[in-house]
Every structure is written in C-alpha cells, then in structure tokens.
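# Structural description and commentary
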Amino acid sequence: MLGPLDMFAIGVGPSSSHTVGPMKAGLEFATYLVQTGKVSRVKHIHAHLYGSLALTGEGHGTFLAVLNGLAGQHPKTIDPDTIYSRVDEIKTNKAILLKDQYKVNFDYDKDLLIHKDQFLPEHANGMKFIAFDESGEVIAEEEYFSIGGGFILGKEQIQNREESEGISGDSPNVPFPFKTASELFKHCQDNNMTVAQVVLNNELVSKSREQVYAEALEIAEVMRYSVNRGIHNDGVLPGGLNVKRRAPQLYRKLIKDDLNLVSHQDRRLLAMTYAIAVNEENAAFSRVVTAPTNGSAGTIPGVLEYYRNFYLGVTDEKIVEFILTAGAIGNLYKYGASISAAEVGCQGEIGVACSMAAGALTAVLGGNTLQVEKASEIAMEHCLGMTCDPINGLVQIPCIERNGVAASKAIDIAKLSLLENEPGKVSLDEVIHTMMETGRDMSTRYKETALAGLAVNVVEC
Ligand code: SF4
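Residues numbered from 1 in each chain as written. Predicted model: local features only at pLDDT ≥ 70, side-chain atom pairs only at ≥ 80, totals over all residues. Heavy atoms only, no water.

### Observations concerning the overall build of the protein chain
Along the protein chain, the regular secondary structure elements total 21 helices and 9 strands. For 461 residues, the compact-globule estimate of 2.2 N^0.38 gives 23 Å, and the protein chain sits close to it at 22 Å. Over its C-alpha atoms, taken along the principal directions, the protein chain stretches across nearly 70 × 55 × 45 Å. Considering the protein chain as a whole, with its 461 residues, one finds that 59% of them fall into the buried category. Averaging the coordinates of the 41 positive side-chain charges in the protein chain and doing the same for the 57 negative ones gives two points 4 Å apart. (Helix = DSSP H or I, 4+ residues; strand = E, 2+ residues; numbered from the N terminus. Rg over C-alpha atoms; globule rule 2.2 N^0.38 Å. Buried < 20%, exposed > 50% of the residue type's maximum accessible area, 1.4 Å probe, protein only. Lys, Arg positive; Asp, Glu negative; His and termini not counted. Charge placed at Lys NZ, Arg CZ, Asp CG, Glu CD.)

Structure follows, in structure tokens:
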C-alpha cells in the first residue's frame, strides 16, 4: 500500500517523469550490470528513448538524466551543478563511467537513440538500455517505464502495474486501509480522526513516529529551500526559450519589512510568487520536491510557505499534518487515476497538486473531513480537461505560471470550503474517476508530447 510520503520525493528538476524517472532508470541498469557481474564484459551501451520521452525529452532534461543515471547519480543526491559537466565529459571522451567506475564506450551522437515516432506498447514514457560485449553481442537488455512522479517500473513490473506500484490487493497490515476517498473519510468519521491521524497510524506499522515526522519535515524543509533559492535567483532559464526568471522581481515588489504589513491581496500574490520561484528553480535543474510531480513542484510549497508566513501557531506538528494530508489526497489519485501527464495531461500534475494543497490547507486551518474532501474535490473539478502542451517541451511555459495560479486557487478554495459545512453534489471519488476518463479521451497530442496547444501556437522569438 502506498503511504502519504510516497507522493513526495526529493530530487532535481525539471520533470519527475522525464528527468527523475529516467535518471533512476539509468542508475538501475548500471547497478544491474554491476550486481550481475556483467559489467566486466561490457564494451559499449545504447540508450533508447521512446514516445513522450523522445518528443519532449530534450527540453525536459531526459538526455542529461539517463546519462547521469548510468554514471551512478541518483536524483536525491546528485549535485545539480554537475549535471551538464558530466554529460560534456561523456560527449568529449565518447565514453561513460558506469556507476562512476567502469568505463564503457558511448558515442552521444550515435548511441543515444531517440524514437520520436515510436511508442512502446506498455506506456508513453519508455526506455531501453542495451549493453554489448567486445564482439557486439548483446549481454544485457532492459526496458523501463517512467510512470509519473519519479516512479519507474521494469517490463515485468508494468505487466502487473497495480501490484508493482503498491496500489493493488488488500493491505491487511495497516489499521486503516483505503483506496478511495469514501474509504479514507469513513475511517476518519468512524474513529474521530483527521486524515493526517489516519495515515500516520498506517505509517506507524512500519516506521516510528520520529521517523515519519523527520521525513515529513525534511520534505517541508526542501520545499522551503527551493522557495528561498527561487525568490533570490535572478537570470534567464536554460533551454533556449529565453524565459526570464520572474520570482525575485515579484518578491521584491510584494515583500515588506514586516510580513504583517503585507495586504491580504498581496499575500495571495506572494503565494503565487513562492510557487513560481520553485518552478523556476525546477526549470533550472535545481533541487526541488516532486509534489506530486516536478512540473507541479511549486503549488504545494507555495501554499505551505503562505501558511507558514501568514498564520499564527504554525508548529512542526501542523507542518507534518499539512504534508500527511496532502500526501493522503495524492494517494487517492494514484489509486484511482494517474499523476502522469503522458496519461492524463496536466490534470495529473497541476490538477492533483492543487487538490492536495487545497485539502491540506483546509485541514491545518481547522477544517473537518467533509470540508477537506470538498476542497480537494473543488480543486480538481476546475482543473478537469487541463492539457499538457509545454512550449519547446520545456517545463517553463505554461508550467511555471500554472503553479502560481494553482497555489492561489488552492488558497481560495480552502477558504471557501471552510465557510460551508455540507457535502457538495460531486464527491472526490467521482471527480477522480472523471479525471481519469477525461485523460483517456484526451488526444495524445495534449499529453506531454508538445505536439499541440501552446506548444505549436506560440511563435518563438
Ligand atoms: S503543462 Fe502541466 S503537465 Fe505539462 S509539463 Fe507543464 S506542468 Fe507538466
């Protein structure tokens, strides 16, 4: 069974499915070669990218990610400043150091194979790594699929996807198993518990309370770190679109010496600015938390920073409650739909992030479970049909601004939900189901391929 903290992963930008997942896949293949002892026979390797990874991979940093992964880097621990230089070395030397140790031939221009017109049948984000020996014989060949949020599955695992993702079967070990919103909120009502208390009790089966708190607070700290870096880092984002970072200038215009002097209108604008700051950091390959993806990494930190700065009584306890509630809501989308833009468009990224943030803010502001559910539902209801159409395949336009808008929206929705105390006509489960169906019906061109929408209608200058 998924836990609430599984919806967050500390990594690097700009994309959980196109950067974090592929880096992990490259690392997994290299580790496999080492662990099986095959690495001593490997003379050179090929890396194949398919479907969405091929179509938007360059802008999303996929090419850099797989090579850094093969070289032994993990998204959580890599120094973001070394990402480009390591690939430059690979290009210059026409060789790669597998796991930073075993030198094998790799010609960037010939051995990184981009299949823009080919999708592997299992998933839109497919990769294949092949290792050859001296005589050109294949000694290892593995396929991986980046299924969103930084999660990867191998070929066998994706055949049993639900089981592999921990979203199938019963969960007899936890006191409050759930897969749907109605099951989750029934546990809350039956036991007079908040969403955070329910999922914390589930977590305590396998971890200590201290461990859960430490992990949640580390996630919150990295979120805060990315906000702080983003509001102080001026400049132009990489990728060739010449997008100027806006967060520092916006921040300077909005901030006052005393936060209490910031008007209520400007507080929401600051939340937007915090979210924009994180996604500018994300676009610059910096350290962020997938929440639940990298494209949507700014929404939850933007709302959390707003909560920290403009409400009294914000304790570690409340921050943990925020993270656990957001994570539990994210779990519902993993169980009932998807957080992969290649499957359901931007509904699965910004829509889910907005839903998680709205529910979490409602909870820490004292909302009851009915109000938390309603906030999460409203947030997704008004993201239904949201397409993914990043210009040049870069996680910049519309992505960065969209996080700001989602943060502001989540705050308004939380406040609206706190004013009402009766169920809406649409349940959270119904909107999750609708989101999945809408995603299935959406043309592939609007699902992380940069083949439609803004991606083709905006003239570059
Ligand atoms: S448009 Fe949305 S789903 Fe697509 S890359 Fe940007 S944030 Fe992600």
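There is more to say, and it comes next.
### Topic: the site of the ligand
Around the ligand, the structure places H60, G295, A341, C346, E349, C388, D389, C399 and R402. Residues that form the shell around the ligand fall into these classes: 4 nonpolar, 2 polar and 3 charged. (Near = heavy atom within 4 Å. Nonpolar A, V, L, I, M, F, W, Y, C, P; charged D, E, K, R; others polar.)

### Remarks on the pattern of salt bridges
Inspection of every chain in the model, using the stated rule, returns 19 salt bridges. In this structure, the salt-bridge partner of E141 is K128, at a minimum N-O distance of 3.6 Å. Placement of E141 in strand 7 (residues 138–148) and of K128 in strand 6 (residues 126–132) is noted, with a sequence separation of 13 residues between them. Overall, the relative accessible area of 42% leaves E141 in the partly exposed class. Residue classification places K128 among the buried residues on the basis of a relative accessible area of 16%. The partner of R245 in a salt bridge is E281, and the shortest N-O contact between them spans 2.8 Å. (Salt bridge = Lys/Arg side-chain N within 4 Å of Asp/Glu carboxyl O.)

### Observations regarding the environment of A9
Structurally, the position occupied by A9 is in strand 1 (residues 9–12). Owing to a relative accessible area of 25%, A9 belongs among the partly exposed residues under this scheme. With 437 residues separating them along the chain, A9 and Y446 place their C-alpha atoms 26 Å apart. Look past the residues within four positions of A9 in its chain and what remains in contact with it is V288, V289 and T290. (Contact = heavy atoms within 4.5 Å.)

### Notes on helix 12 (residues 247–254)
Buried within helix 12 we find A247, P248, Y251 and L254. Along the axis of helix 12, the buried positions cluster into a sector of 135 degrees, meaning they face one direction only. Buried residues belonging to helix 12 abut helix 11 (209–230) and helix 13 (264–283). (Arc of directions from axis to C-beta.)

### Focus: the pairing of strand 8 (residues 151–154)
Pairing between strand 7 and strand 8: 4 bridges, direction antiparallel. By the bridge assignment, F145 is partnered in strand 8 with L153. Turn length for the strand 7-strand 8 hairpin, with the two strands adjacent in sequence and antiparallel, is 2 residues, and the turn residue G149 shows positive phi of about 70 degrees. (Pairing = 2+ DSSP bridges.)

### Quick notes on the environment of N202
Here N202 is to be found in helix 10 (residues 195–203). You can call N202 buried: its relative accessible area is 6%. Placed 153 residues apart in sequence, N202 and S355 show a C-alpha to C-alpha distance of 22 Å.

### What to know about helix 13
Helix length check: helix 13 (20 residues) gives 29 Å between terminal C-alpha atoms against 28 Å at 1.5 Å per residue, within 8%. The element helix 13 is extensively covered by neighbouring structure, given that 15 of its 20 residues are classed as buried. A positive phi of about 60 degrees marks F285, the residue just after helix 13. (Expected span 1.5 Å × (residues − 1).)

### So, the packing of helix 11 against helix 15 (residues 316–336)
Between helix 11 and helix 15, whose axes approach to 9 Å, the crossing angle comes to 85 degrees. The angle between helix 11 and helix 15 places the two elements in the roughly perpendicular class. Contacts from V212, Y213, A216, L217, I219, A220 and M223 of helix 11 reach helix 15 at D316, E317, I319, V320, I323 and L324. (Axes fitted to C-alpha atoms, helices over the stretch in contact; angles between N-to-C directions. Parallel < 35°, antiparallel > 145°, perpendicular 65-115°, else oblique.)

### A few points about a nonpolar patch on the surface
Together, I397, L454 and V458 line one region of the surface with nonpolar side chains, adding up to about 200 Å² of accessible area. In this fold, V458 is placed in the segment after helix 21 (454–457). (Patch = residues over 30% accessible without salt bridge, like charges linked within 9 Å, V, L, I, M, F, W, Y side chains within 5 Å. Areas by Shrake-Rupley, 256 points an atom, 1.4 Å probe, with all protein chains shown as cover.)

### Things to note about the environment of F63
Mapped onto the secondary structure, F63 falls in helix 4 (residues 62–70). Note on F63: relative accessible area 10%, which makes it buried. Residues within four places of F63 in sequence aside, it is in contact with L49, L53, G57, E58, Y108, L112 and I114.

### A short note on the packing of aromatic side chains
If you walk through the whole model with that rule in mind, you get 9 aromatic pairs. Plain terms: the ring middles of Y307 and Y311 are 5.9 Å apart, the flat faces sit at 35 degrees to each other, and that makes the pair tilted. Relative accessible area serves as the criterion here: at 2%, Y307 is assigned to the buried category. Judged by centre distance (6.5 Å) and plane angle (15 degrees), the rings of Y307 and F322 are stacked. With Y307 in helix 14 (residues 299–310) and F322 in helix 15, this pair connects stretches of sequence that are 15 residues apart. When the ring centre of Y108 is taken as origin, the NZ or CZ atom of K91, which lies over that ring, is 4.5 Å away. (Phe/Tyr/Trp six-rings, centres within 6.5 Å; stacked < 30°, edge-to-face > 60°. Lys NZ or Arg CZ within 6 Å of the ring centre and 35° of its normal.)

### Concerning the nonpolar core
Among the nonpolar cores identified, the biggest contains 98 residues, and F8, M223, I300, F322, I323, Y333 and L361 are the most heavily contacted of them. At 11 residues, the largest contribution of residues to this core is made by helix 15. Ignoring any residue separated from it by four or fewer positions in sequence, one finds L361 in contact with V303, Y306, Y307, F322, I411 and A414. With 36 residues, the next largest nonpolar core counts L64, V87, L98 and L112 among its residues. (Core = buried A, V, L, I, M, F, W, Y, C linked by side-chain atoms within 4.5 Å.)

### Side note on the packing of helix 10 against helix 15
Where helix 10 meets helix 15, the closest approach of the two axes is 8 Å, and the angle between their N-to-C directions is 80 degrees. If you check the angle between helix 10 and helix 15, you find them roughly perpendicular. Mapping the contact onto sequence places V195, A196, V199 and L200 in helix 10 and E321, L324, T325 and A328 in helix 15. Looking at the contact of helix 10 with helix 15, its residues break down into 6 nonpolar, 1 polar and 1 charged.

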